Structure formats: structure tokens, C-alpha cells
Amino acid sequence: MSSSFQPQAPFLTTADLQQAVDILKAGGLVAFPTETVYGLGAHAENADALAKLYAVKGRPTRHPVIVHLGHADQLGDWAVEIPEMAYRLAAAFWPGPLTLILKRSSRVPDAVTGGQDTVGLRVPDHPVALALLQAFGGGIAAPSANRFGRLSPTSAAHVWDDLGQDVDAIVDGGVCQVGVESTIVAFQDGQPIILRPGMITPEQIQAALQSEFRPETGNAASVTRAPGTLASHYAPRTPLKLVSKNALNEALSRLQPDQQIGVLSFSAAIDDHAAAWATMPASPQAYARQLYAKLRELDALKLSCIWVEQVPMEEGWSAVSDRLNRAAFQG
Ligand code: TXA
Ligand code: MG
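Everything quoted here is computed from the prediction, not taken from an experiment.

Attention now moves to the environment of K294. Among the structural elements, K294 can be located in helix α11 (residues 284–299). A relative accessible area of 23% means that K294 is categorised as partly exposed. Taking the C-alpha atoms as reference, K294 lies 32 Å from G114; in sequence the two are 180 residues apart. Beyond its immediate stretch of four places on either side in the chain, K294 contacts L264, A278 and M280.

Looking now at the pairing of strand β11 (residues 191–196). Across the 6 residues that make up β11, a large majority, 5, are buried. Pairing of strand β10 (residues 183–188) with β11 involves 5 bridges; the strand directions are antiparallel. If you follow Q188 over to β11, its bridge partner there is Q191. In sequence, β10 turns back onto β11 through a hairpin of 2 residues, with D189 there showing a positive phi of about 50°. Note that β11 and strand β12 (residues 216–217) share 2 bridges and pair parallel. Paired with I193 across the bridge in β12 is E216. Between β11 and its parallel partner β12, the chain crosses via helix α8 (residues 202–209), and the hand of that crossover is right-handed.

Here we come to the sheet that holds strand β16 (residues 305–309). Judged by pairing direction, the sheet is parallel, and its 4 strands sit side by side in the order β13-β16-β14-β15 without closing on themselves. The outermost strands of the open sheet, each flanked by one partner alone, are β13 (240–243) and β15 (276–279). Across this sheet, the average inter-strand angle for adjacent strands is 15°, counted without regard to direction. Sitting on the sheet, helix α10 (residues 245–253) is in contact with β13, β14 (261–265), β15 and β16, with an inclination near 140° to β16. Packed on one face of the sheet, helix α12 (residues 318–328) meets β13 and β16 and runs near 130° to β13.

Before going further, it helps to spend a moment on the packing of aromatic side chains. Counting across every chain of the model gives 4 aromatic pairs. Measuring from centroid to centroid gives 5.6 Å for F266 and Y287, while their planes differ by 45°, and the two rings are tilted. Highlighted residues: F266 in the loop between β14 and β15 and Y287 in helix α11, separated in sequence by 21 residues. Accessibility expressed as a relative area gives 24% for F266, which makes it partly exposed. Geometrically, the ring pair formed by Y287 and W317 is edge-to-face, given 5.3 Å between the ring centres and 75° between the ring planes. Of the two residues, Y287 is situated in helix α11 and W317 in the loop between β16 and α12; the sequence distance between them amounts to 30 residues. Judged by its relative accessible area of 1%, Y287 falls in the buried class. A residue is classified by how much of its surface remains accessible, and W317, at 4% relative accessible area, is buried. Of the aromatic side chains, those joined through ring pairs into one cluster are F266, Y287 and W317.

Quick look at the packing of helix α1 (residues 17–25) against helix α6 (residues 127–136) now. Between α1 and α6, whose axes approach to 9 Å, the crossing angle comes to 55°. In terms of axis orientation, α1 runs oblique to α6. The way α1 lies across α6 gives a crossing that is right-handed. Contact residues: L17, A20, V21, L24 and K25 in α1; V128, A131, L132, A135 and F136 in α6. Each residue belonging to the contact of α1 with α6 can be placed in one class, and the counts come to 9 nonpolar, no polar and 1 charged.

Our focus in this paragraph is unusual backbone geometry. At the junction of W94 and P95, the peptide bond is cis and its omega measures out at -5° in the coordinates. By the secondary structure assignment, P95 is in the loop between α4 (84–93) and β6 (98–104). You will see that D189, though not glycine, has its phi angle at about 50°, which is positive. Structurally, the position occupied by D189 is in the loop between β10 and β11.

Definitions and cut-offs
Residues numbered from 1 in each chain as written. Chains lettered and ligands numbered in written order. Predicted model: local features only at pLDDT ≥ 70, side-chain atom pairs only at ≥ 80, totals over all residues. Heavy atoms only, no water. Helix = DSSP H or I, 4+ residues; strand = E, 2+ residues; numbered from the N terminus. Buried < 20%, exposed > 50% of the residue type's maximum accessible area, 1.4 Å probe, protein only. Contact = heavy atoms within 4.5 Å. Pairing = 2+ DSSP bridges. Right-handed = clockwise from strand over helix to strand, strands pointing away. Axes fitted to C-alpha atoms, helices over the stretch in contact; angles between N-to-C directions. Phe/Tyr/Trp six-rings, centres within 6.5 Å; stacked < 30°, edge-to-face > 60°. Parallel < 35°, antiparallel > 145°, perpendicular 65-115°, else oblique. Left-handed = near helix turned anticlockwise from the far one by under 90°. Nonpolar A, V, L, I, M, F, W, Y, C, P; charged D, E, K, R; others polar.

Written as C-alpha cells, this is what we have:
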């Protein structure tokens, strides 16, 4: 697949992490790998850096960003009135693809939270992210390193394709192993509520809390503002349609020669009229890892439509299913 990846881009390797730290300390923007997706990082306590972050991202300033930390024991520096359950989830899943929404401490500037009294915190499970965070020492505010509303990047080349020279540096840590954004958990009336499904499932959260109740996936709008919960978020530019396996086969058999269709299916290509075909893995983990890269590849082909075979209605698939439904939304 073609990519505008170029060696003269502001790429850093893991050997140049001190340079990345210096850029962040000076108020610059550094994209870095996490286990979920690449983040667009800024000094979480530097208002100018945050203003630049929102401008490059193209994101409304009232939408909060997650603060990334190098150690779970920094939790108390960034949040107050932390519920016991939050400590238990942090102990069970950090470093890992879980974001906790907690009451913010005075250390957290308004620019990070969009003025809300809560802050999203996460310790990512990626050696490069952890090394960068620990060398930096403080919190790094980072949304996904894509323009607002577009697909999240899962490689350094994706970041370059989206943001180019608008970032001061991109730390290349390879392909993200989880591939979709973290599970976001908030607490409401003493109970955990999932604001964004991720690869850490409600069942795993229930088990970690030894609770009788499985946390629900809440309507985030009722709790707080979370742009990842806008229906049209995470979309490729090409229209995308979710179809059952039968409907897919049926539609393919009736394809007109002038229809440029891309297919994402669990099966190997069964039709040579499709303009592009990606065969997806049967496990949700492997599917999630490849999803955004495959959608980007298909998106670049300027097809009339992308047809995606429906994924199983099982809990392990909830993050993938959530992202596909948003990508399919024509709003
Ligand atoms: O996996 C991830 O979470 C990635 C990596 C880079 O860590 N980050 C990510 O960030 O997906 P972003 O900004 O693209 O999505 C973060 C989501 C947004 O929907 C945001 O509104 C929500 O987290 N969020 C952040 N702080 C919040 C808060 N205080 N209350 C409610 N939602 C919050
Ligand atoms: Mg995002």
C-alpha cells in the first residue's frame, strides 16, 4: 500500500528519547506509540503546548484529553477522592489499555479537561511510552494522533500521513499491538460505568472488582462529554456498510462492473469483481490489531463503498463492533 512515509520526517527512534523529552519540556508536540494507538503528546501542565495540541488535532477545546502517566503510583498526584474500585482497577490493568475518569486534582489545568472537574488517566503498556513517560517525569496529555474525527493511527507512518510536519517529532515504536483505543471507565453513584468499550471487557472489569454486577456501557453524554462517543467518530472517508455474511455474498453476486467495492470479510476472497478484499482474522484481538490499518488501506483506494462483514455479537467483540458501527454511521 502506498504511503507518504518519508525518511526526512521528524522521526525519532527509541534511542533518541531524551530529544523527545526536551521537545515536550519546551512545549512541543511529540507523537508516541502506545499499545492501543499512537498518541499526540504534549506537556500536560503547559497551557501553550495544550493550545497547540488542540489546534493541530482540530479538536474543539471543550473536549477533554487523557493524561498519560509512567507509574500507577502517580494516580494521587492527578486525582482526588479516588474510589477504592479505581485503585483495584489500576492494580489489575495498569500498565494497560484502561482509562479511569476521576475527580481532578489542582495540578490538572482546565485546558486538559475542557473545564470539567474530572480527568482521564492512563498508564500505557508499551515499553517506549513507559520509557518516555518515566524520563519526562510528569503527565503527558495525549489524544489519538489523528485529525479530529478520523481513524486512529496504529503506526508511525499513519501519524505522518495524518499530521505530517505539524508535529515536532514522531517516536517510531512499530505497530500497536492492541489496535483500538482504551476502555474508558468512569464512576457514577459508586458504580463503574464504561464510557467507551475497549479490549478490556466488562467481564474482566467485573472479575477484577469481584463484583456481583457487570458494568454497563453507559451513554457518555449523560455523564460527561466524550468526543469518542459521537456517533460518526472513527470514520474512513469512504462510505462503510455493515452486512451479514449472507447479504454480502448476495450483494457480491449482483455487483455491477462500475461499482468499486472494498470488502472486509472473515472469508478468503470469493469474488473477483470486488476492487479490494481484506480477509480478517477470527479472533477479536487479532481483528482489532489490524482494523484501522486495513480501513486506511481501503480508504486510500477511493472506492465507492467498503462492505464489512458483521462481527459476532459477543462481549469480546464489543470494542471492534463499537468502532465499526461508528464508522458505518452516515451522519
Ligand atoms: O487508547 C487511548 O485511550 C488513546 C491512547 C493514545 O492513549 N487515546 C485516545 O485519546 O483515544 P482520545 O482523545 O482520542 O480519546 C479519549 C477519550 C475521548 O472520548 C475523551 O472525551 C475521553 O477520552 N475523556 C478524556 N478525559 C475525559 C474526562 N475527564 N471525562 C470524560 N471523558 C474523557
Ligand atoms: Mg481519538
